[in-house]
Amino acid sequence: MHSTLRHSLRILIAVLSFSIAAANPQPPCIATRLQCEHLFTPLGIDAAHPRLSWQLSDSRMEAQQTAYLVKVSTDSAALDAHPIWTSGKMNKADILTAYAGPALQPFTRYYWSVEVWDKDGKKSPAARSWFETGMISSSNWKGAWISDGSNIHTKPAPNFRKVFTASKTIQSARAYIAVAGLYELYINGQKAGNHRLDPMYTRFDRRTLYVTYDVTSLLQPGQNAIGVTLGNGWYNHQSTAVWNFHEAPWRGRPTFCMDLRITYTDGTTATIATGKDWKTATGPIVFNSIYTAEHYDARLEQAGWNTPSFNDQQWHDVIFRAAPSKNIVSQQLYPITNVEEIPAASMQQMNDSTWVFDLGRNIAGVSKIRVSGAPGTVLKLKHGEQLDKNGFVDLSNIVVHYRPTDNTDPFQTDIYTLNGKGEETFMPHFNYKGFQYVEVSSSQPVKLTKESVTGYFMHSDVPPAGRVNGSDTMINKLWWATNNAYLSNLFGYPTDCPQREKNGWTGDAQIAIETGLYNFDGITIYEKWLADHRDEQQPNGVLPSIVPTGGWGYEWGNGPDWTSTIAIIPWNIYLFYGDTTLLSASYESMRRYVDHITDISPSGLTTWGLGDWVPVKSKTPVEFTSTAYYYADALILAKAAKLFGKTADYTRYQALADKIKSAFNGKYLHTDTGIYGDGVQTEQSAALYWGLVPDAMKSKVAAQLAQRVADDHFHLDVGLLGTKSILNALSENGYADVAYKLAAQRTFPSWGWWIMNGATTLYENWDIHAASDLSRNHIMFGEIGAWLYKGIAGIKPDETAPGFRNILLSPQFVDGLDHFEASHESPYGRIVSSWKRNGKVISYTVTIPANSHGDIFFHLSPQQKIYQQNKLVSTVTTPKGARCQVGAGTWEFQIK
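Our subject in this report is the structure included herewith. (Residues numbered from 1 in each chain as written. Predicted model: local features only at pLDDT ≥ 70, side-chain atom pairs only at ≥ 80, totals over all residues. Heavy atoms only, no water.)

## What to know about the overall build of the chain
In terms of regular secondary structure, the chain is built from 15 helices and 46 strands. Its C-alpha atoms give the chain a radius of gyration of 29 Å, near enough to 29 Å, the size a compact globule of 896 residues would have. Seen along its three principal axes, the alpha-carbon backbone of the chain occupies a region of about 85 × 75 × 70 Å. Looking at the chain as a whole, 61% of its 896 residues qualify as buried. Counted over contacts in the chain with a minimum sequence separation of 6, partners at least 24 positions apart contribute 75%. Accessible surface computed for the chain: about 33,300 Å², of which carbon and sulfur atoms make up 51%. (Helix = DSSP H or I, 4+ residues; strand = E, 2+ residues; numbered from the N terminus. Rg over C-alpha atoms; globule rule 2.2 N^0.38 Å. Buried < 20%, exposed > 50% of the residue type's maximum accessible area, 1.4 Å probe, protein only. Contact = heavy atoms within 4.5 Å. Areas by Shrake-Rupley, 256 points an atom, 1.4 Å probe, with all protein chains shown as cover.)

Below, the structure is given as structure tokens:
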């Protein structure tokens, strides 16, 4: 085509496009990101009153929603004119409501829409979405619980199959599968979905989860086959470790129940359910342990076992089993997946039969190997975080709590036996590990290259919600490493480490809750985990230190400093999402927990707890830190009581909080000096951070803290609990520069020391050469990941307008940084807080999402003033700084 003609056509297309856009302009305001139960178009909803939420897409300055209208229907065509429920026009800015119509029916798709009115009172076109219900009630299950009849000591994993005929044209099909253990589901030889390690770990005898799949595309006319492989998971823990999971009261041979519900185009339905007509046999997974590894003998594979044409005459009958619990509920959370594929960065051949692969970074997950070799060749794939002096994988830092009874189950070591049929691929099905290195040893000659081994970073696939970037590259790497450690410890519940334990340690999780929520959309994981708390709580209010647990942890490791998760996590979910559901569901558990502490600690001081775990050198009394958490719990409980209109409870628990505060200060505060206890970093900072310092004493206590840090040469001298408070106490009380100097420290002991020594995750010990307590992928020191948002960018939720309906912004223009930016995807949209130093002028830019607003608190010297477009900005002087209030939009300020 001639170039002139091409140019003319481009102009014509552009003119036509502009004309079409002008004739059909995009509404300036519309609802977007419609979610049900904090998920997009979820399947299998069981909630009687599911939550419906949205955001406002409106790029205009001061954009606001003045009203909304929600409609729900089972018929998309009738949604506008004849909904089964409507909220009516609500003159509110709320972006979260709950369905309150007729009882939801099982196995039904519901369509819903939301219309919004903008700041000028103009209504937008309806935005639409849908959700589907699941079982709703356990009475709707048709399938039986089946197993293969083997006992808990049987090592090989069982396979199950069922052939059926689809007699009509299929419109849609859903598979509902509940499992005690782990599973993989296949339809006609294809795996359903991309989930790994389903269902999530729960207290199996009190709550069992089921998962829903859309399997329409996997079915075919005529004959179809269902295949299910069951793994042990935490249900049948065969490996032995100090936490006695092998003695869990629920332990049993894995079992499952399944309904495959097909809807035909003529409107009829059919359910293919588990029953005595299923067949079972063991397969090539000859051993599997969620804690150690998986052993696979490819010679035992039965090709096509999960397809219709397979001959299962040699397979066995199944047996019926009792359901593991009476509480079978839908799993509604972001699943575990192979989120990131990581090729080996290097490979070293150690000898004729051993190779060591280095991924270049520490991850949680699995490795995949591609290899050819003679049948019967045995490969051992040992996964570890460090190498010994000779370059082989060294497990000494992570194997300390394993208590094997023999040598058949080596730690973090997959064992694969080749079938000799060309190139073979192996990746474990029912296990994950923590590792950077994979040592492969072979019983017979094989040829491996750097491309033979690939790593897969596995975790709950929660959407990213935050980003940090500044002029200090070490800080950027530290933020990235913190997120890697957080995700490595998110497997349907928050864990402490992905190799040595995989336990849901409560203390680690309460420390890291804000780091998690600033960086990821984690509400679905935490709602599940707090349900685990409620399952595990004793009648007297006591919680175990690890959740879930097979029974270990009620006698050691718990106490307010750890198990305050029951209050701190629901409260933070409320602050970040503006959703009271979890706080309400946890209220009674919080109350019983606080009452138990009161029963055993009538003075207001409590010695129940672990204390400031793995400190650098100074040891803070357990009574000090546990009482601080006791106070925090009582205060959260009082605030929740007030929120829910429980007036008597509010009065009672506010008085309790006051009593604790008085007792605490009476014992530990030296009013003449402003020193708490011995004045170490954890003591000074915890008292400030948790609000125990009398208002009149805050400046004196903060000055003593800053001096202590200076005396410690701007290095950390805290343990786990102190890391939560140290940076925040400084930056919130006028010493942000000191906090940053501490956070950016490069020498021992500090976070930066790890990064400078090549860490790609956080460690368990400040000393990277420590003889014990040295997991190299731990989240317990992870508060730094939240502080970057709070202490430098200054982004915080407002408890009087939670969910970032109002945003508190307190940027700190600290010495040592030239620029810094943090963004957070709040329920209302993206918040951005960004500043840059240009000589003596600081440019500050903030973005407030539509339908939200913000209070900016500037920290100025007497010589500094704030300008906007060269005009002096009017501010209000407050104890928190010079306040400037802004609405939605992007605002630019200059401080000079």
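## What to know about the sheet that holds strand β44 (residues 876–878)
Within a beta sheet, neighbouring strands are joined by backbone hydrogen bonds and run either parallel or antiparallel to one another. Ordered in space as β36-β37-β41-β45-β44, the five strands form an open sheet in which the pairing is mixed. Looking at strand neighbours, the two that pair on one side only are β36 (795–797) and β44, the edges of this open sheet. Sheet twist, expressed as the mean angle between neighbouring strand axes with direction ignored, is 30°. Summarising the sheet, strand β37 (residues 806–809) and strand β41 (residues 853–858) pair through four bridges and their orientation is parallel. Counterpart to N806 in the pairing with β41 is H853. (Pairing = 2+ DSSP bridges. Axes fitted to C-alpha atoms, helices over the stretch in contact; angles between N-to-C directions.)

## Let's talk about the side chain of T627
Position of T627 among the secondary structure elements: in helix α8 (residues 622–643). Accessibility expressed as a relative area gives 0% for T627, which makes it buried. Excluding residues that lie within four positions of it along the chain, T627 makes contacts with G604, L605, T606, I660 and F664.

## Observations regarding the packing of helix α2 (residues 473–488) against helix α3 (residues 506–519)
Each packed pair of helices is defined by two parameters, the angle between the axes and the distance between the axes. Running from N to C, α2 and α3 cross one another at 105°; their axes reach a closest spacing of 11 Å. The angle between α2 and α3 falls in the class roughly perpendicular. Where α2 abuts α3, its residues W479, T482, N483 and Y486 lie against A512, T515, G516 and N519. Broken down by class, the residue content of the contact of α2 with α3 amounts to three nonpolar, five polar and no charged. (Parallel < 35°, antiparallel > 145°, perpendicular 65-115°, else oblique. Nonpolar A, V, L, I, M, F, W, Y, C, P; charged D, E, K, R; others polar.)

## Here's the deal with the sheet that holds strand β12 (residues 190–191)
Taken together, the six strands give an open sheet; going across it, the order is β12-β11-β14-β9-β17-β20, and neighbouring strands pair in antiparallel fashion. Where the open sheet ends on each side, the last strands, each with one partner, are β12 and β20 (316–317).

## A few points about α3
Taking 1.5 Å per residue, 14 residues should reach 20 Å; α3 reaches 20 Å between its end C-alpha atoms and fits that length. At A512, α3 is deflected by roughly 50°, the largest bend along its length. With 14 of 14 residues buried, α3 is to be regarded as a mostly interior element. (Expected span 1.5 Å × (residues − 1). Bend = angle between axes of the 7 residues up to and from the residue.)

## Some details on the pairing of strand β19 (residues 294–297)
In β19, alternate side chains face the same way, and those of E294 and Y296 on one face and H295 and D297 on the other are all buried. As judged from the three bridges shared by strand β18 (residues 285–288) and β19, these two strands associate in the antiparallel manner. Across the sheet, residue N288 finds its bridge partner in β19, namely E294. Here β18 folds back onto β19, and the loop between the two strands holds five residues. Sheet analysis places β19 next to strand β29 (residues 413–417), joined by three bridges and oriented parallel. In the strand pairing of β29, Y296 is matched with Y416.

## Brief notes about the packing of aromatic side chains
Considering all chains together, one arrives at 54 aromatic pairs under this definition. Between Y416 and F426 the ring centres are 5.1 Å apart and the planes differ by 25°, which places this aromatic pair in the stacked class. With Y416 in strand β29 and F426 in strand β30 (residues 424–426), this residue pair connects regions lying 10 residues apart in the sequence. Assigned by exposure class, Y416 and F426 land together as buried. Judged by centre distance (5.5 Å) and plane angle (40°), the rings of W754 and Y763 are tilted. Both residues of the pair, W754 and Y763, count as buried. Counting every residue linked through ring pairs, the aromatic cluster contains Y201, F204, W234, Y235, F245, W250 and Y493. A cation over a ring is seen here: K741 above F714, with NZ or CZ 4.0 Å from the ring centre. (Phe/Tyr/Trp six-rings, centres within 6.5 Å; stacked < 30°, edge-to-face > 60°. Lys NZ or Arg CZ within 6 Å of the ring centre and 35° of its normal.)

## Quick notes on unusual backbone geometry
In the segment running from D198 into P199, the intervening peptide bond is cis, with an omega of -10°. Relative to the helices and strands, P199 resides in the loop between β12 and β13 (208–214). Phi at T41 takes a positive value of approximately 40°, unusual for a residue other than glycine. You can see T41 is positioned in the loop between β1 (30–36) and β2 (51–57). Positive phi is not limited to glycine here, since Q412 has a value of about 50°. Mapping Q412 onto the fold places it in the loop between β28 (393–394) and β29. Residue class for Q412 comes out buried when judged on its relative accessible area of 0%.

## Focus: the side chain of D58
By the element assignment, D58 lies in the loop between β2 and β3 (67–73). With relative accessibility at 7%, the residue D58 sits in the buried group. Separated by 2.8 Å, the side chains of D58 and R60 make a polar contact. (Polar contact = N/O pair within 3.5 Å; in protein donor to acceptor, adjacent residues only side chain to side chain.)

## Comments concerning the environment of G604
Here G604 shows up in the loop between α7 (581–600) and α8. When the C-alpha atoms of G604 and F664 are compared, they prove to be 7.5 Å apart, with 60 residues separating the residues in sequence. In contact with G604, other than residues within four places in its own chain, are T627, Y630, K659, I660 and A663.

## Regarding the packing of α3 against helix α15 (residues 784–793)
Relative to each other, α3 and α15 sit at 65°, their axes nearing to 7 Å. Pair α3 / α15 crosses with left-handed handedness. Mapping the contact onto sequence places E514, T515, Y518 and N519 in α3 and G785, A786, Y789 and K790 in α15. Tallied by class, residues from the contact of α3 with α15 come to three nonpolar, three polar and two charged. (Left-handed = near helix turned anticlockwise from the far one by under 90°.)

## Quick look at the pattern of salt bridges
For the structure shown, the criterion picks out 43 salt bridges. Between E536 and R203 there is a salt bridge, with the nearest N and O atoms lying 3.1 Å from each other. Residue E536 is found in helix α4 (residues 523–536), and its partner R203 is found in the loop between β12 and β13; the two are separated by 333 residues along the sequence. E536 sits in the buried class, given a relative accessible area of 1%. When the shortest N-O distance is used, the salt bridge between E451 and K450 registers 3.8 Å. (Salt bridge = Lys/Arg side-chain N within 4 Å of Asp/Glu carboxyl O.)

## Notes on the nonpolar core
General note: in soluble globular proteins, nonpolar side chains tend to be found buried as a group. Ranked by size, the top nonpolar core spans 202 residues in total, and within it V440, Y844, F858 and F893 carry the most contacts. Top contributing element to this core by residue count: α8, with 13 residues. (Core = buried A, V, L, I, M, F, W, Y, C linked by side-chain atoms within 4.5 Å.)

## Some remarks on α7
Between its first and last C-alpha atoms α7 spans 30 Å; for 20 residues at 1.5 Å apiece the expected length is 28 Å, and the two agree. The largest bend in α7 comes to about 45°, at Y587. Within the span of α7, buried status applies to L582, L583, S586, Y587, S589, M590, R591, Y593, V594, D595, H596 and I597. Where the residues of α7 are buried, they touch α4, α5 (560–563), α6 (565–577), α8 and α9 (647–668).

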